[in-house]
Amino acid sequence: MTREDIVEKVNALLAEEFEVDAEEFVPDANVRDTLSLDSLSLVDLVAIIQQTYKVKIPVADLREIKTFNNLYDYIESHAKQE
């Protein structure tokens, strides 16, 4: 799985789930602001990542994921290779 694969899949999943145009997902954009996440929708985001990539995101790590680049980096470094 390449970084490009991760970016494309994550963007498609988030665009569908949160009804936001994927073009807004620029690498340095703030994830919470772009997706208008509240605490409940943040749980949805974590669930999507966990189901898709088998990546568990602890709360401490979640606090550090601020931009889409941070999210892609996290998935890339923690995803289980199939």
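Up top is the structure these notes are about.
Residues numbered from 1 in each chain as written. Predicted model: local features only at pLDDT ≥ 70, side-chain atom pairs only at ≥ 80, totals over all residues. Heavy atoms only, no water.

Before going further, it helps to examine helix α3 (residues 39-53). Its 15 residues place the ends of α3 21 Å apart at the C-alpha level, agreeing with the 21 Å of an ideal helix rising 1.5 Å per residue. The set of residues buried in α3 consists of S41, L42, L45, V46, I48, I49 and Y53. In an axial view of α3, the angular spread of the buried residues amounts to 155°, which keeps them on one side of the axis. Among the exposed residues of α3, those oriented more than 90 degrees off its buried face are S39, L40, V43 and Q51. (Helix = DSSP H or I, 4+ residues; strand = E, 2+ residues; numbered from the N terminus. Expected span 1.5 Å × (residues − 1). Buried < 20%, exposed > 50% of the residue type's maximum accessible area, 1.4 Å probe, protein only. Arc of directions from axis to C-beta.)

Glancing now at the pattern of salt bridges. For side chains of opposite charge, pairing can occur when their charged atoms come near one another. The tally for this structure, following the rule as stated, stands at two salt bridges. A salt bridge links R3 to D73; its shortest N-O distance comes to 2.6 Å. A residue pair is termed long-range when its members are at least 10 positions apart, and R3 in helix α1 (residues 3-18) and D73 in helix α5 (residues 68-78) qualify at 70 residues. Overall, the relative accessible area of 25% leaves R3 in the partly exposed class. Among the ionic pairs, R3 bridges to E76, the shortest N-O distance being 2.9 Å. Note that R3 is positioned in helix α1 and E76 in helix α5, a separation of 73 residues in sequence. Each of R3, D73 and E76 takes part in one network of salt bridges that share partners. (Salt bridge = Lys/Arg side-chain N within 4 Å of Asp/Glu carboxyl O.)

All right, on to the packing of α1 against α3 then. Interaxial distance between α1 and α3 falls to 11 Å at its minimum, and their mutual angle equals 140°. The orientation of α1 relative to α3 falls into the category oblique. Judged by the twist between their axes, the crossing of α1 over α3 is right-handed. Taking contact as the criterion, the partners of D5, I6, K9, V10, L13, L14, E17 and F18 in α1 are, on α3, S41, D44, L45, I48, T52 and Y53. (Axes fitted to C-alpha atoms, helices over the stretch in contact; angles between N-to-C directions. Parallel < 35°, antiparallel > 145°, perpendicular 65-115°, else oblique. Left-handed = near helix turned anticlockwise from the far one by under 90°. Contact = heavy atoms within 4.5 Å.)

Next up on the list: the nonpolar core. Core analysis: the biggest nonpolar cluster contains 27 residues, and L14 and L35 have the highest contact counts within it. Top element by residues in this core is α3. It accounts for six residues. In contact with L14, other than residues within four places in its own chain, are E19, F25, L35, L45, F68 and L71. (Core = buried A, V, L, I, M, F, W, Y, C linked by side-chain atoms within 4.5 Å.)

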